[in-house]
Amino acid sequence: MRDDPRLPTSPGFWRSPLRGTWFTSLLGVVLLVGVTVLFVTGLLSYAAYNPGLSPVNDKTPDKGLLGFYLFAWPTHPHWLYRLTQGVHVTLGITLIPVLLAKLWSVVPKLFALPPARSLAHALERISLLLLVGGGLFEFVTGVLNVQLDYVFPGSFYPLHFYGAWVFFAAFVAHAVLKTPLALRNLRHMRQTRDERHPEADDDLTSPRPADPTVSRRGALWFVGGGSLLLFATTVGQGSDALRRTALLAPHGGAEPGEGPNAFQINKTAAYAGIDPAETSADVWRLEIVGRTGTVRLSRAQLAELPQHSAALPIACVEGWSTSDQWWRGVRLCDLAALVGHEDDPPDLFVESLQRRGAFRHAALRANQVADPRSLLALTVNGEDLSPDHGHPARIIVPAAPGVLNTKWVARMTFGDL
Ligand SMILES: Nc1nc2c(c(=O)[nH]1)N[C@H]1C(S)=C(S)[C@@H](COP(=O)(O)O)O[C@H]1N2
Ligand SMILES: [Mo]
């Protein structure tokens, strides 16, 4: 029964002549590099939220020891998160064809019987299960989050974070076992220019190969072409000028209106439930709380304080970012000084008018408050903020993920969080 070629558990069932160590090795080496970059940029993204600073920043509060590497996210260079998260999402999408081809190339092994020949073999197969399951889980959750926004039971963040650790642990074990072999196969290939593996009886090569319909090189072009197409229709999400080429990015295509405020919006004022009556000049007051008490300022009073400019992007966890926009407003460190923190600006807790939603408040670390480019912005590109970009006032901080740039600010509390 094991050798009945009508069953997928039989090696004879899988007849594509493309399968073989060469094809698998090449895809494996691409993934070795790609998945490592994905893991590192993913961990950086979590660190960029400054989760250790305050529970409101921490989307994975039960991380425990997995947060061992966290550090104070810097404010230089100002495009840091734009780069790391742009790479994370664009590379993840680009690697989808490679991942699928790699799984296809080893699929006979996933069905092979007996399930375990020895303890070592059993362990290897369990690690493969975690590798394949974890890999698919990470790619699927990542793509769904970018494309559809929060379709998960519970929060995307812990699922993707824990999944990443499981996947990467299995990935490291697999890479340690297989990389020397993969490199040897590829070197052998280059030397002999032979598309067949020296030992045709490896467990990837079909024992009864069907006639080829496409060469291995052709198959690689197909996978590479798929990746290239995904790359070309995604990468534009990291620039205002190219955004219309980002056909696959959810925020590609449509440009949000015209004029100085015509750059990408995440949640609109209407979506966030911001009542225009609350933001009008005679009603809205900014409350600033600190060592010496509370100060209340109208927008006109804020506009009378020294105004400073900074050219900074919005860079979202979803991978899209804007080009640098020209923000103008009051420095966060100047606002800290108004309430008794003259010399050494402390951490800052920002609350918005918004009543519901995880992004209605955020904590900023002292290094972010102290940066002279960190602003409570009143205008952008020479015009008042539009309602959707956070009128009457919003936070903008260099190198920070978009989620820390709170819109429709109502209260700022300096000091112990
Ligand atoms: N109050 C509030 N501020 C917010 C958000 C929000 O939902 N509510 N979204 C954040 C996120 S996730 C991003 S990416 C940026 C987007 O800013 P923009 O819409 O001006 O481009 O705003 C941030 N500020
Ligand atoms: Mo975002």
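Small disclaimer: the values here were computed from a predicted structure and weren't measured.

Conventions we followed
Residues numbered from 1 in each chain as written. Chains lettered and ligands numbered in written order. Predicted model: local features only at pLDDT ≥ 70, side-chain atom pairs only at ≥ 80, totals over all residues. Heavy atoms only, no water. Phe/Tyr/Trp six-rings, centres within 6.5 Å; stacked < 30°, edge-to-face > 60°. Buried < 20%, exposed > 50% of the residue type's maximum accessible area, 1.4 Å probe, protein only. Lys NZ or Arg CZ within 6 Å of the ring centre and 35° of its normal. Near = heavy atom within 4 Å. Polar contact = N/O pair within 3.5 Å; in protein donor to acceptor, adjacent residues only side chain to side chain. Areas by Shrake-Rupley, 256 points an atom, 1.4 Å probe, with all protein chains shown as cover. 1 Å grid on protein atoms, 1.4 Å probe; cavity = no way out; pocket = protein on both sides within 12 Å on 5 of 7 lines; lining within 4 Å. Sits in = over half its atoms within 2 Å of the grid points. Nonpolar A, V, L, I, M, F, W, Y, C, P; charged D, E, K, R; others polar. Helix = DSSP H or I, 4+ residues; strand = E, 2+ residues; numbered from the N terminus. Domains from an automatic or database assignment. Contact = heavy atoms within 4.5 Å. Buried area = accessible area lost by both parts, 1.4 Å probe. Salt bridge = Lys/Arg side-chain N within 4 Å of Asp/Glu carboxyl O. Points joined across faces, edges and corners; volume = space filled by probe spheres on them. Expected span 1.5 Å × (residues − 1).

This brings us to the packing of aromatic side chains. Applying the stated criterion across every chain, the model contains 17 aromatic pairs. Between W73 and Y81 the ring centres are 6.5 Å apart and the planes differ by 80°, which places this aromatic pair in the edge-to-face class. Of the two residues, W73 and Y81, both sit in the buried class. Cluster of aromatic residues (ring-pair linked, three or more members): F39, Y46, F68, Y69, F161, Y162, W165, F167, F168 and F171. Above the face of the W104 ring, R19 is positioned so that its terminal group lies 4.1 Å from the ring centre.

Turning to the site of ligand 1, a few remarks are in order. Looking at ligand 1, there are 18 residues lining it, with Q264, Q354, H389, R394 and K407 nearest. Side-chain polar atom of S352 to a nitrogen atom of ligand 1: 3.3 Å apart, as the coordinates give it. For ligand 1, a nitrogen atom lies 3.0 Å from a polar atom in the backbone of N405. Look at ligand 1: alone it shows 530 Å² of surface, and the protein chains cover 98% of it. Taking a 2 Å distance to the grid points as the criterion, the majority of the atoms of ligand 1 fall inside the second largest pocket. Taken together, the residues of the shell around ligand 1 break down into 7 nonpolar, 8 polar and 3 charged.

We now examine the environment of V106. Among the secondary structure elements, V106 is positioned in helix 3 (residues 96–111). Among the residues examined, V106 registers a relative accessible area of 13% and is labelled buried. The spatial distance from the C-alpha of V106 to the C-alpha of R244 is 37 Å, given a sequence separation of 138 residues.

To continue, consider the domain arrangement of the protein. Structurally, the protein comprises domain 1 (11–232) and domain 2 (269–414). Relative to domain 2, the C-alpha centre of domain 1 lies at a distance of 39 Å. Across the contact, 27 residues belong to domain 1 and 31 residues belong to domain 2. Buried surface at the junction of domain 1 and domain 2, summed over both partners, amounts to about 2400 Å²; 55% is from carbon and sulfur atoms. For domain 1, the biggest contributors to the area lost against domain 2 are T75, H78 and R82; these three give 28% of the whole. Counting across the domain 1 and domain 2 interface gives 0 salt bridges. Linking domain 1 with domain 2 are 13 residue pairs in polar contact (both at pLDDT 80 or more), by the criterion used here. Of all the secondary-structure elements, those providing two or more residues to the side of domain 1 that touches domain 2 are helix 1 (21–48) and helix 2 (80–94).

Right, let's talk about the layout of surface pockets for a bit. Space inside the second largest pocket adds up to approximately 670 Å³. Around the second largest pocket, the lining comprises 35 residues; the ones closest to its centre are N266, K267, Q354, F359 and R360. Of the residues that constitute the lining of the second largest pocket, the class distribution is 16 nonpolar, 11 polar and 8 charged. A domain split of the lining of the second largest pocket shows at least three residues from each of domain 1 (11–232) and domain 2 (269–414).

To continue, consider helix 2. Since the α-helix turns once every 3.6 residues, residues separated by three or four places project in the same direction. The first and last C-alpha atoms of helix 2 sit 21 Å apart over 15 residues, in line with the 21 Å expected at 1.5 Å per residue. The element helix 2 is largely enclosed, with a buried count of 11 among its 15 residues. Residues of helix 2 that are buried include every one of L80, Y81, T84, Q85, G86, H88, V89, T90, G92, I93 and T94, and no others.

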